[in-house]
Amino acid sequence: MSASNTVEITLHYFAMHQELANCSQEQLAVNSGSSVKQVYQLLIDRYGFNNDTQRLRAAINEEFADWSQPLKHGDQLAFIPPVSGG
């Protein structure tokens, strides 16, 4: 990956994702134009994330986002796990 073809994003982790990544946030360089879903697949490969994307919500810059949305340099990306309780 050459630097001109990448963008830097910040990932924020919660719940099980935070435990698997062993951090609450990190910087990541991804290919320019990568979608939210492509980044999540990278995290599955890297950390073993195993939530079904049908049950997760993604947020870019604190707003819910579509899984096909491309990421831009400086974006803040979070994956919101399902909430359980009663």
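Above this text is the structure in question.
Bear in mind that the values here come from a model prediction, so they are computed numbers and not experimental data. (Residues numbered from 1 in each chain as written. Predicted model: local features only at pLDDT ≥ 70, side-chain atom pairs only at ≥ 80, totals over all residues. Heavy atoms only, no water.)

A.B. asks: Mind showing me how you'd approach the packing of aromatic side chains here?
C.D. replies: In this description, a pair of aromatic rings is defined by centroid distance and the angle of the planes. The final tally for this structure, using the stated rule, is 7 aromatic pairs. Both rings, one in Tyr40 and one in Trp67, keep their centres 5.7 Å apart while their planes meet at 75 degrees; by these two values the pair is edge-to-face. With a gap of 27 residues between them, Tyr40 in helix H2 (residues 36-47) and Trp67 in the loop between strand E4 (63-65) and strand E5 (76-80) connect regions that are remote in the sequence. Like Tyr40, the residue Trp67 is buried in the burial classification. An aromatic cluster is built from Tyr13, Tyr40, Tyr47, Phe49, Trp67 and Phe79, whose rings are joined through pairwise contacts. Over the face of the ring belonging to Phe64 we find Arg57, whose NZ or CZ atom lies 3.8 Å from the ring centre. (Phe/Tyr/Trp six-rings, centres within 6.5 Å; stacked < 30°, edge-to-face > 60°. Helix = DSSP H or I, 4+ residues; strand = E, 2+ residues; numbered from the N terminus. Buried < 20%, exposed > 50% of the residue type's maximum accessible area, 1.4 Å probe, protein only. Lys NZ or Arg CZ within 6 Å of the ring centre and 35° of its normal.)

A.B. asks: I would appreciate a short explanation of the nonpolar core in the present structure.
C.D. replies: Generally speaking, nonpolar side chains in soluble globular proteins are found buried as a group. Counting 20 residues, the largest nonpolar core has Ile9, Leu11, Val36, Val39, Leu77 and Phe79 as the members making the most contacts within it. When residues of this core are traced back to their parent elements, those giving at least two are strand E1 (6-12), strand E2 (25-31), H2, strand E3 (57-60) and E5. No other element matches the 4 residues that H2 contributes to this core. Look past the residues within four positions of Val36 in its chain and what remains in contact with it is Ala58, Ile60, Asp66, Trp67, Gln69, Leu71, Leu77 and Phe79. (Core = buried A, V, L, I, M, F, W, Y, C linked by side-chain atoms within 4.5 Å. Contact = heavy atoms within 4.5 Å.)

A.B. asks: Would you mind showing me how to read the environment of Ala21 here?
C.D. replies: By secondary structure assignment, the location of Ala21 is in helix H1 (residues 15-21). On a C-alpha basis, the gap between Ala21 and Gly33 in space is 24 Å, while along the polypeptide they are 12 residues apart. Leaving out residues up to four positions away in the same chain, Ala21 has contacts with Tyr13, Tyr47 and Phe49.

A.B. asks: Would you mind showing me how to read unusual backbone geometry here?
C.D. replies: The phi angle of most residues is negative, glycine excepted, and most peptide bonds adopt the trans form. With a phi angle near 50 degrees, Ala15 is a residue other than glycine that sits in the positive phi range. Within the element layout of this structure, Ala15 appears in helix H1. We note that Asn61 has phi near 55 degrees; this positive angle belongs to a residue other than glycine. Relative to the assigned elements, Asn61 resides in the loop between E3 and E4.

A.B. asks: Is there a simple way to think about the side chain of His17 in this case?
C.D. replies: In this structure, His17 sits in helix H1. On the basis of relative accessibility, which here comes to 1%, the residue His17 falls in the buried class. A polar contact is formed between the side chain of His17 and the side chain of Tyr40, at a distance of 3.2 Å. Beyond its immediate stretch of four places on either side in the chain, His17 contacts Tyr40, Phe49, Asn51, Leu56 and Phe79. (Polar contact = N/O pair within 3.5 Å; in protein donor to acceptor, adjacent residues only side chain to side chain.)

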